[in-house]
Amino acid sequence: MSSVTAGKVAASGPSALKRFATSPTMQGSLTTIAFLLLFVGYWIWLGDTFVNVDARLLDVHQNAPILILGLAVMVTLIAGQFDLSVGGMCTLTTFLSIGLVVQKDWAFWMVLVACVLAGLIGGLINGLLVVKLGVNTFIATLGTGGVFLGISSVLFGGTQLAPTDTSPQLPSWFSGDGSLGSFGEKFPSVIVWIGLAACAYGLFRWIQARKPEGRTDTSWTVISAAIVVVLAAILFALNLPAWVDGVSLTIGVLLIIGLVLWVVLRYTTYGRYLYATGANPEAARLAGVKTDRETILAFVIGGLLAALAGVILAANQGAASPDIGTGFLLPAFAAAFLGTVIMSTGRFHVWGTLIGGTFLVWVTQGLIVGGVPFTWTDVINGVVLVAAVAVSTIFRRRA
Amino acid sequence: MSSTPRLTVTGLKKSFGSNSVLHGIDLAFEPGQFIGLMGPNGAGKSTLIKILAGLYSADEGTIKLDDETVRNLGSRRECGFIHQDLGLIEDMSICENLRLGQQPMKLVGPILNLKREREAAAEAIARVGLDRDVDTPVSALSPGEKTLVAVARTLDRGARILFVDEATSTLPAADSRRLTDALRRTVDDGATVIMVSHKLSEILDDTDRVVVILDGEISTDEPTASLDREGLVERLVAKESEMAVEGEADACEIGEELIALEAACGGRAGPVDLVLRGGEITGLTGLPGSGLHDIGFLVHGSMRPVSGRVRASRKIRRALVPPHRETQGGIPVSSIRENLTLSSLPRWRGFGRLLALGQEGRDAQGMADELNVVPGDAEGPYGVLSGGNKQKVIFGRVLLKEPQVYVLCEPTRGVDIATRMEIYRLIRKLRSKDVAVLVISSDSEDLFSVCDRIGVVDDGTVEELVPAEEMNTQQLEALV
Ligand SMILES: Nc1ncnc2c1ncn2[C@@H]1O[C@H](COP(=O)(O)OP(=O)(O)O)[C@@H](O)[C@H]1O
Ligand SMILES: [Mg+2]
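Thresholds applied
Residues numbered from 1 in each chain as written. Chains lettered and ligands numbered in written order. Predicted model: local features only at pLDDT ≥ 70, side-chain atom pairs only at ≥ 80, totals over all residues. Heavy atoms only, no water. Helix = DSSP H or I, 4+ residues; strand = E, 2+ residues; numbered from the N terminus. Rg over C-alpha atoms; globule rule 2.2 N^0.38 Å. Buried < 20%, exposed > 50% of the residue type's maximum accessible area, 1.4 Å probe, protein only. Contact = heavy atoms within 4.5 Å. Areas by Shrake-Rupley, 256 points an atom, 1.4 Å probe, with all protein chains shown as cover. Lys, Arg positive; Asp, Glu negative; His and termini not counted. Charge placed at Lys NZ, Arg CZ, Asp CG, Glu CD. 1 Å grid on protein atoms, 1.4 Å probe; cavity = no way out; pocket = protein on both sides within 12 Å on 5 of 7 lines; lining within 4 Å. Points joined across faces, edges and corners; volume = space filled by probe spheres on them. Nonpolar A, V, L, I, M, F, W, Y, C, P; charged D, E, K, R; others polar. Domains from an automatic or database assignment. Pairing = 2+ DSSP bridges. Axes fitted to C-alpha atoms, helices over the stretch in contact; angles between N-to-C directions. Near = heavy atom within 4 Å. Polar contact = N/O pair within 3.5 Å; in protein donor to acceptor, adjacent residues only side chain to side chain. Expected span 1.5 Å × (residues − 1). Buried area = accessible area lost by both parts, 1.4 Å probe. Salt bridge = Lys/Arg side-chain N within 4 Å of Asp/Glu carboxyl O.

**Student:** Give a detailed account of the overall build of chain A, specifying residues and quantitative values.
**Tutor:** The helix and strand tally for chain A stands at 18 helices and 0 strands. The globule rule puts the C-alpha radius of gyration for 399 residues at 21 Å, and the 23 Å found for chain A is close to it. Seen along its three principal axes, the alpha-carbon backbone of chain A occupies a region of about 80 × 55 × 35 Å. Sorting the 399 residues of chain A into buried and exposed places 46% on the buried side. Relative to all contacts within chain A whose residues are 6 or more apart in sequence, the contacts with residues 24 or more apart total 76%. Total accessible area on chain A is roughly 18600 Å²; 70% of this is exposed by carbon and sulfur atoms. In chain A, the 20 positive side-chain charges and the 16 negative ones have mean positions that sit 20 Å from each other.

Take a look at the structure:
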């Protein structure tokens, strides 16, 4: 049956080019290609001030908390919910990280436990409000976000907070020169290389599994390998080793968080149930998925990630201020939504979110390097988000 | 009333990616004809209609109204489309729904002449034989009445060529009757109606001409009068064997009681007393709104009884084919594999409780092949499958779970006749000593084809169960 249909395709279907252009793979790559072209444009315009490995990695390093918040909102978005409280939670744990040490002289491990607990409990409250009490997800998380932010003011006086000469100090591994928070401290490159090798192999297997009709196995295997090798060569030409060596500890932590979350979403029953719950809760429930539990857990994971984002922010900055998290919400949601059109056709996923968030930062930075005042950041974020999602939606609809 | 143009379609082709659906469709529709469009699920009937409506674009081919070549008919006043999703706004009244998108009737300035709008609406629904107060909200209507409102709205906007895509498949017999009568009247008025349906009797009794699409081509285009039931079946089914009626399944030993409802109430159902034992296939039927499907949810455990009891041992695995496939069945954005394995995922947990995706994929592919899902790649998207293939996937999900209690609601709703036979064979194969099957359907053919005993649900309660041999269709339909 299928071979009959295939034969007819070859005879009367649209041209191979059109089929390739409208294939899901191509559609999923459109946005990525558009961004890369934009960066090539920047390169021609700005030269080495833009294509500067250290500067671009520093962008990622400094925006790691926002990217983690992107993952936090992504988890709840997968469940079909909105979590607007992540900004408040992030600010709260930044204050906890600094304030409990500086003002209350807690042991640092206790501080970390407190932050994690805050994230878990905060997420649990969100989940219970939305699922058990049926409060609208926007209203519930808008409210709890205000509460989290407020608690940080109540506990620590609502002003800027940083260690002074006379106060207890943050541990030296956590913040300051040569610590987790500093860009100078690098992640072991060998681990990054292993990760990249795994990616290359994964890509090879992925292409290999998409053998077009009429190719022999061996020839397609060779072609797949060749594609991977060519891509690798391009990356090396773009100075890959410098990028790998430049990965800071913070970026490393970000990648590890992403990896763990990716495994959870892809390789556990929980992840599968979560996607099903978000896409069609009624069908998922009737198929035996405990949708209430999955949704609450999504809020808990979101809370935990937001709490971690706050801790990393504290490590980066070594200080906390009440307005530190304002303005995080837009780029975090933008990253998650951009992720749905990067290497995907409409699904939220981890790498899309991280890459989308990073692209967003680079687009903005490029303009700033080129002379646009940094006060334009939010405008650019908003425009890029809407433009990217709109363009890829239009292309998908045209097919 | 304006005259009905002649619609001609030539050389229409359409592929989705590598899946070539229509390979050259040539059709001409004369005014005043009632055309039945048939063909297996996935044949491309909806695709053809969506292309005409301008929702998809054709790869090749021309569409002509009389002598004028048009891109599509979507924006033409004289063409109307009634899809399965009727596009009515539930919270608005019949009158408001009818006026939507039409020139408002004004009194002075922007003030609406509500009286005249109401009169016009009353006239429009009277034309399709609906006798209702036009201020009734659409949500208060039965499914059949809603469809009539949709038809009335389309006609009221001046449509002379009407496409009706499987509107009857979710309707009970009496409501289908009203709809086809209304369509017949518009045809007698000189309009053209093209109706997609899988119901043989409907097509044979009401249409003037039958068009069958098989494998993306027109395989039959004949006057209905020249066809009888057997002839039509022959033209619809590619292989004889697909229609083979299997001999009586071996009488199966009756096993122990697996589940019992004791005066259970929930939703619109209850109080219900019902005992399901292994080795038995039980069938329930009734009118929509009788609480029929709620009994299924109670047995499945997805609805808790508000009073009474559902007695089942905790270890019993239960699985459900839900009644409303589109909203309750599948996860549209997921792949076929993900939809197949959703209910039994823990089975593929391996090292470190992580899912073994490779094995999962092979098992899912095996099930998709066994059920003959088209297109057959288990990694493909579920959302674009045709209705019958979606139904097969939902069945596959239930089979993969290997439950002891199957609750199958409306198992053949909207599926073609070959698939219907396949599903009957599947259900019969489930019969074993340790397995209880409950079939809940508003289609009496389902019950007579597979069930051992049949009950009628009225006002939420089950009258006594009667052995299937002791009843015939007329008796059953009289009871419902
Ligand atoms: N948007 C789409 N994208 C990809 N494939 C589609 C799409 N819509 C329909 N198809 C495929 O086209 C074929 C015909 O579907 P359809 O026209 O819905 O069949 P039916 O005759 O049952 O109405 C099916 O194989 C279906 O999977
Ligand atoms: Mg269809």
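Read on, since the account is not over.
**Student:** Explain empty space enclosed by the protein to me, and be specific about the residues and the numbers.
**Tutor:** Residue and element names in this part refer to chain B. For the structure on display, the rule yields 4 cavities of 30 Å³ or more. M38, G39, P40, H198, L236, D416, I417 and A418 are the residues that line the largest cavity. Taken together, the residues of the lining of the largest cavity break down into 5 nonpolar, 2 polar and 1 charged. For the lining of the largest cavity, the domains that each give at least three residues are domain 1 (7-236) and domain 2 (257-479). The volume enclosed by the second largest cavity comes to roughly 50 Å³.

**Student:** With reference to specific residues and values, describe the sheet that holds strand β2 (residues 19-29) of chain B.
**Tutor:** All names here are of chain B. Strand order in the open sheet formed by 4 strands is β2-β1-β4-β5, with antiparallel pairing between adjacent strands. Two strands lie at the open edges of the sheet, namely β2 and β5 (68-70), each paired on one side alone. Between one strand axis and the next, the sheet turns through 30 degrees on average, direction left out of account. Where strand β1 (residues 7-16) meets β2, 8 bridges bridge the pair, whose relative direction is antiparallel. Among the inter-strand pairings, T8 is bridged to a residue of β2, identified as A28.

**Student:** Describe the sheet that holds strand β12 (residues 269-277) of chain B, with residues and values.
**Tutor:** Residues and elements named next belong to chain B. Within the open sheet, the 3 strands sit side by side as β12-β11-β14. Their pairing is antiparallel. Since the sheet does not close on itself, it has two edges, and those belong to β12 and β14 (307-312), each with one partner. Sheet twist, expressed as the mean angle between neighbouring strand axes with direction ignored, is 10 degrees. Pairing geometry for strand β11 (residues 257-266) and β12, over 6 bridges, is antiparallel. Pairing of G266 across the sheet is with A269, part of β12. Its contacts with the sheet place helix α8 (residues 292-300) against β11, β12 and β14, and it is angled at close to 125 degrees to β11.

**Student:** Give a description of the site of ligand 1 that names residues and reports values.
**Tutor:** All names here are of chain B. Within the structure, ligand 1 sits among 16 residues, and G42, G44, K45, S46 and T47 are positioned closest to it. With respect to ligand 1, the backbone of G42 contributes an N or O atom lying 2.8 Å from an oxygen atom. Interatomic distance of 2.5 Å between a side-chain N/O atom of T47 and an oxygen atom of ligand 1. In isolation ligand 1 offers 560 Å² of accessible surface; the protein chains occlude 85% of this area. Among the elements of the structure, β2 and α1 (45-53) are those that each provide at least two residues to the shell around ligand 1. Among the elements that take part in the shell around ligand 1, α1 stands out by supplying 3 residues, more than any other. In the shell around ligand 1, the residues fall into 8 nonpolar, 7 polar and 1 charged. When residues are assigned to domains, the shell around ligand 1 turns out to be shared by domain 1 (7-236) and domain 2 (257-479), each giving three or more.

**Student:** Break down helix α12 (residues 387-401) of chain B for me, citing the residues and quoting the values.
**Tutor:** Compared with the 21 Å implied by 1.5 Å per residue over 15 residues, the 22 Å span of α12(B) between its first and last C-alpha is a close match. Burial runs high along α12(B): 13 of the 15 residues are buried.

**Student:** How would you summarise the interface of chain A and chain B if you had to cite specific residues and measurements?
**Tutor:** With 27 residues of chain A at the interface, the matching set in chain B holds 38 residues. Overall, the association of chain A and chain B removes approximately 2600 Å² of surface from exposure, summing both partners, and the carbon and sulfur fraction of that is 58%. Linking E360(B) and R272(A) is a salt bridge whose minimum nitrogen-to-oxygen distance equals 2.8 Å. There are 9 residue pairs in polar contact (both at pLDDT 80 or more) connecting chain A and chain B. At the level of secondary structure, the elements contributing two or more residues to the side of chain A that touches chain B comprise α1 (2-12), α2 (16-21), α12 (249-267), α13 (269-279) and α14 (281-286) of chain A. Partitioning the side of chain A that touches chain B into residue classes produces 13 nonpolar, 6 polar and 8 charged.

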